[in-house]
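Descriptive analysis of the structure
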Amino acid sequence: MQQSDAQQKELALFDLDHTLLDVDSDYLWGEYIVKNGLVDEAQYRTANQKFYEQYIEGTLDATEYNEFVAQFLTSLPLDELCQIREAYIKTEIEPHIRPKAISAIQHHIEAGHDVVIISATNDFVVSAIAQRFGIEPVNVLATPLEVQDNRYTGKLTHKPNFKEGKIYHLNKWLEAKHAQGTRYSKTYAYSDSKNDLPLLQWADIPVAVTPDEVLHAHALAHRWAVEDWKL
């Protein structure tokens, strides 16, 4: 296809945790399966807390963490996991969806823009939450977990969708869109976290949403938009 034949659109990228949501869906998933007796409480909660603190500090080994999370997923078939996930989203996630996030997504959709949720959390969790925002799995970029014979293996299929990994997965997604004849003339990115500086720097229009201290300082220094979406 000729470049001139390509469809020109705009693209809006949204982080999930502490951006669209007022909570961290990855951490809450761990707390949920502990609370419901699905894993050993002392062992899992200690590890989950350690990894969450490393994430906040910016020192997380994302592969190690996601393989830890995926271990529970290996213990049950997909249909049972999906039932657990649905109950988790209803009780732990839906009350924490930010109204300003819904408005921002709707604004881009009504303007005819493509909207993508791009999250470091695993695709098992993110894909179902994204549907609450009206975003289909094809427009979800998350850390990819391996499934074989209708069960999770506990491994990743590609690098984590974290920090520079988001750019890696985004570029793969863009290549597929280009092959379908879509080019993006303008890109927006929304995030709360210093971990998403690579993504925000990549975008034409970066928006710091209820940002952490490091991102807030960077946004002010570079005259990026800063918005407060807290509930």
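Residues numbered from 1 in each chain as written. Predicted model: local features only at pLDDT ≥ 70, side-chain atom pairs only at ≥ 80, totals over all residues. Heavy atoms only, no water.

**Brief notes about the overall build of the protein chain**
Summing up its helical and strand segments, the protein chain has 10 helices and 8 strands in all. Relative to its length of 231 residues, the protein chain is compact, with a C-alpha radius of gyration of 18 Å against a globular reference of 17 Å. For the protein chain, the C-alpha atoms occupy an extent of roughly 55 × 40 × 30 Å along the three principal directions. Taking contacts inside the protein chain between residues at least 6 apart in sequence as the whole, the part at least 24 apart equals 63%. Looking at charge distribution, the protein chain has the averaged site of its 21 positive side-chain charges lying 3 Å from that of its 35 negative ones. (Helix = DSSP H or I, 4+ residues; strand = E, 2+ residues; numbered from the N terminus. Rg over C-alpha atoms; globule rule 2.2 N^0.38 Å. Contact = heavy atoms within 4.5 Å. Lys, Arg positive; Asp, Glu negative; His and termini not counted. Charge placed at Lys NZ, Arg CZ, Asp CG, Glu CD.)

**Structural notes on unusual backbone geometry**
A positive phi is found at Asp149, a non-glycine position, where the angle reads about 55°. You can see Asp149 is positioned in the loop between β4 (145-148) and β5 (151-156). Unlike most non-glycine residues, Lys163 shows phi in positive territory, near 55°. The residue Lys163 is located in the loop between β5 and α8 (164-179) in this model.

**What about the sheet that holds strand β6 (residues 182-191)?**
Read from one edge of the open sheet, 6 strands run β3-β2-β1-β6-β7-β8, paired in parallel fashion. With one partner strand each, in any of the chains shown, β3 (140-143) and β8 (225-227) form the two edges of the open sheet. Across this sheet, the average inter-strand angle for adjacent strands is 25°, counted without regard to direction. Examined bridge by bridge, strand β2 (residues 114-122) and β3 share 3 bridges and lie parallel to one another. Directly across from Asn122, in β3, lies its bridge partner Thr143. Contacts from helix α7 (residues 123-132) reach β2 and β3 within the one sheet, and its direction differs from that of β2 by about 145°. (Pairing = 2+ DSSP bridges. Axes fitted to C-alpha atoms, helices over the stretch in contact; angles between N-to-C directions.)

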